[in-house]
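# Residue-level structure breakdown
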Amino acid sequence: MFVLNLFIQALTVCLLVATVAVAEPKPKVAHEDPIEIDKSLTLAKVVDLTMGKFPDMAWLNSLEEEAVAIKQRGESWTAGASQAGLRYQNMTSGTVHYVDAVVQVPLWNLGQRDAEQERGIKAENSADLQSVATKLRIAGLVRGALWDMELQKIRYEQARAEINVFEQLLAKVERRVELGDLPRADVLLAQTELLQKLSTLTLAEAELMHARKRYSSITQLTKVPSVYQEKLVDLKKLELNHPAFVAVNSQIERKQAEIKALKLVGSGQTNLTVGVNSDRTQNNDPRSNQTESFNIGVNIPFGGEGHLQPQIAAHNVELNRLIADRDQLYRDLELAHHEAEHNLEVNEAELEIANELKRVAEEHLGMMQLSFSVGEINLMDLLKTQSRTQQAILGAKERAIMLERDIALYNQAVGVLP
């Protein structure tokens, strides 16, 4: 009879497993944020696609347009807009006519045009580097969203696996209660445990949907690459070519170029004036010289340097703010590098422990299941062991994902783009 009972239990388990294997996972809650795997996608491609739709693109485009405008000004042969003037004078007799035509051209001060051209080069370089720094920031958001989604997916799948295990256990308990091997209370205990697992599954599903929504919100995509694991770029010390650090440095260099160009404005622009005068008469009026003349003049401003000082001082305030931001950024990057390195070391050690704990827990569970089947232990002891084992299995899976995530976050911390 005992052998027949074991055979029936084994057959029940096999049928339950087969049913689970062919059944499609259905969400416990109607709300769903679908995400599809696209084998043609790569992590780098996702970052590029995300950047193309990112709100900062309008700002980056305006930086490039500004740099072009500054370069065009520096390439101009004049320091500003030229002016043309025309004056006509007629005597009251109507017989004498005076005509003056003048063209005024602002000239570059000594070294000013070179300074403006340098300012344009710095502006263009800064615009390019801001784009790289923004791309790295976007890569960090994508990396975090992908691995958060993967972590929530593992938890959801583990919760589903636990449901399957406890459904099989409940079926065993119900059968043994029917056969009189276990008390009726054990069915209620197994049902309670199963309902708790269902609640855990619902919450895990919700967190997975939230993670998917975060990913789609950041990337504006509903597809993920099939592979996005990264190779560790091991740097023992933070390097100064980190994109974020280089971008701030470029802003400082641009501001310095702006201040230099502003100082060379001096009191203002020297103006070259070229003109033609015509003095003609009718009826040989003696008041007219009957001549046409050409004249040239130069207007040189002076004594106006003091009026530039408030503008120079304002630019110096901005420059020193950028320098302070750069120094603080370096400290933040150093700290992020140290924390990423430390997290990586910790999770490597934790993964080894978690895998060993999983092995021991599974072995212990096998022993407890055998003891329960022969009546040596009660259901409560088995449930406790079952829960500890499932937690050990989940812990090992989570640590494996966390280690992959920490590799990506380490690469992010040292400024490596996918």
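Residues numbered from 1 in each chain as written. Predicted model: local features only at pLDDT ≥ 70, side-chain atom pairs only at ≥ 80, totals over all residues. Heavy atoms only, no water.

### A closer look at the overall build of the protein
To keep it simple, the criterion reads: In this text, helices come from DSSP runs of H or I with a minimum length of four residues, and strands from runs of E with a minimum of two, each type numbered from the N-terminal end. Only protein chains enter the calculation, and the probe is 1.4 Å; a residue is then buried if its accessible area is under 20% of its type maximum, exposed if over 50%, and partly exposed in between. Residues are treated as being in contact if the distance between any of their heavy atoms lies within 4.5 Å.
A tally of helices and strands in the protein yields 8 helices and 6 strands. Put simply, the protein has 418 residues, and 38% of those count as buried. Considering only contacts within the protein whose residues lie at least 6 apart along the sequence, 83% involve residues at least 24 apart.

### Overview of the packing of aromatic side chains
The description of an aromatic ring pair rests on the distance of the ring centres and on the angle between the ring planes. Note the threshold: Ring geometry is summarised as follows: Phe, Tyr and Trp rings, the Trp one being its six-membered ring, pair when their centres sit within 6.5 Å, and such pairs are stacked at plane angles under 30 degrees, edge-to-face over 60 and tilted between the two. We call a charge positioned over a ring when the NZ of a Lys or the CZ of an Arg lies within 6 Å of the ring centre and within 35 degrees of the ring normal.
Summed over the entire model, instances satisfying the criterion amount to 2 aromatic pairs. Judged by centre distance (4.9 Å) and plane angle (70°), the rings of Trp147 and Tyr228 are edge-to-face. Of this pair, Trp147 sits in helix 4 (residues 112-178) while Tyr228 sits in the loop between strand 4 (223-225) and helix 6 (243-263), and the two are 81 residues apart along the sequence. Its relative accessible area of 9% is what places Tyr228 among the buried residues. When the ring centre of Trp77 is taken as reference, the NZ or CZ atom of Arg113 above it lies at 4.3 Å. Here the basic side chain of Arg176 rests over the ring of Phe372, its NZ or CZ set 4.8 Å away from the ring centre.

### A few points about the packing of helix 4 against helix 5 (residues 184-219)
Filter applied, for reference: Note on geometry: axes are lines fitted to C-alpha atoms, helical ones only across the stretch in contact, with angles between N-to-C directions running from 0 to 180 degrees. Each angle is binned into one of four classes, with values under 35 degrees roughly parallel, values over 145 roughly antiparallel, values of 65 to 115 roughly perpendicular, and all other values oblique. Each crossing is labelled by how the near helix is turned from the far one, with a counterclockwise turn of less than a right angle marking it left-handed and a clockwise turn marking it right-handed. Under this grouping Gly is polar, as are all residues other than the nonpolar Ala, Val, Leu, Ile, Met, Phe, Trp, Tyr, Cys and Pro and the charged Asp, Glu, Lys and Arg.
Put simply, helix 4 and helix 5 touch, their axes get as near as 8 Å, and they point 165° apart. Viewed along their axes, helix 4 and helix 5 adopt a mutual orientation that is roughly antiparallel. For the pair helix 4 and helix 5, the sense of crossing is left-handed. Of the residues in the contact of helix 4 with helix 5, the class split is 22 nonpolar, 3 polar and 15 charged.

### Some words on helix 7 (residues 305-373)
Rule in force here: Take the residue count of a helix, subtract one, and multiply by 1.5 Å to get its expected span.
An ideal rise of 1.5 Å per residue puts 102 Å on 69 residues; helix 7 measures up with 97 Å between its terminal C-alpha atoms. Residue Gly375 follows helix 7 closely and has a positive phi angle near 80°.

### Some words on the nonpolar core
Just so we agree on the cut-off: Take the buried Ala, Val, Leu, Ile, Met, Phe, Trp, Tyr and Cys residues and link them wherever side-chain atoms come within 4.5 Å; each set so joined is a nonpolar core.
Counting 51 residues, the largest nonpolar core has Leu146, Met149, Val173, Tyr215, Leu379 and Leu382 as its most contacted members. If one sorts the elements of this core by residue count, helix 4 sits on top with 18 residues. Every residue in contact with Leu146, bar those within four places of it in the chain, is listed here: Leu43, Tyr215, Val224, Pro225 and Tyr228. Residues Leu238, Ile252, Ile312 and Leu329 belong to the second largest nonpolar core, which totals 12 residues.

### Thoughts on the pattern of salt bridges
Spelled out, the test is: Salt-bridge detection follows one rule: a side-chain nitrogen of Lys or Arg within 4 Å of a carboxyl oxygen of Asp or Glu.
Throughout the structure, instances matching the rule amount to 23 salt bridges. Measuring nitrogen to oxygen at the nearest pair gives 2.5 Å for the salt bridge that ties Glu398 to Arg155. Of this pair, Glu398 sits in helix 8 (residues 379-413) while Arg155 sits in helix 4, and the two are 243 residues apart along the sequence. In this structure Glu398 comes out as buried when scored by relative accessible area, which is 16%. Judged by relative accessible area, which is 27%, Arg155 ranks as partly exposed. When the shortest N-O distance is used, the salt bridge between Glu258 and Lys255 registers 3.0 Å. In this pair, Glu258 and Lys255 are both assigned in helix 6, 3 residues apart and thus about one turn of the helix distant.

### Thoughts on the packing of helix 7 against helix 8
Geometrically, a packed helix pair is captured by the angle between its two axes and the distance between the axes. As a packed pair, helix 7 and helix 8 sit with axes 7 Å apart at the nearest point and diverge in direction by 160°. Comparing their axes, helix 8 and helix 7 come out roughly antiparallel. Our pair here, helix 7 against helix 8, has a crossing hand that is left-handed. Partitioned by chemical class, the residues of the contact of helix 7 with helix 8 number 22 nonpolar, 10 polar and 10 charged.

### A look at a nonpolar patch on the surface
To keep it simple, the criterion reads: Patch membership requires over 30% relative accessible area and the absence of a salt bridge. Like charges are linked within 9 Å, and nonpolar side chains (Val, Leu, Ile, Met, Phe, Trp, Tyr) within 5 Å. To be clear on the numbers: accessible area is Shrake-Rupley with a 1.4 Å probe, and residue cover counts the displayed protein chains and nothing else.
Nonpolar side chains collect at one region of the surface, where Val274, Val276, Phe294 and Ile296 lie side by side and expose about 390 Å² of accessible area between them. Among the secondary structure elements, those contributing two or more residues to the nonpolar patch are strand 5 (270-281) and strand 6 (291-299). Note that Phe294 resides in strand 6. A relative accessible area of 59% places Phe294 in the exposed class.

Any link to function would need more than the numbers given here.
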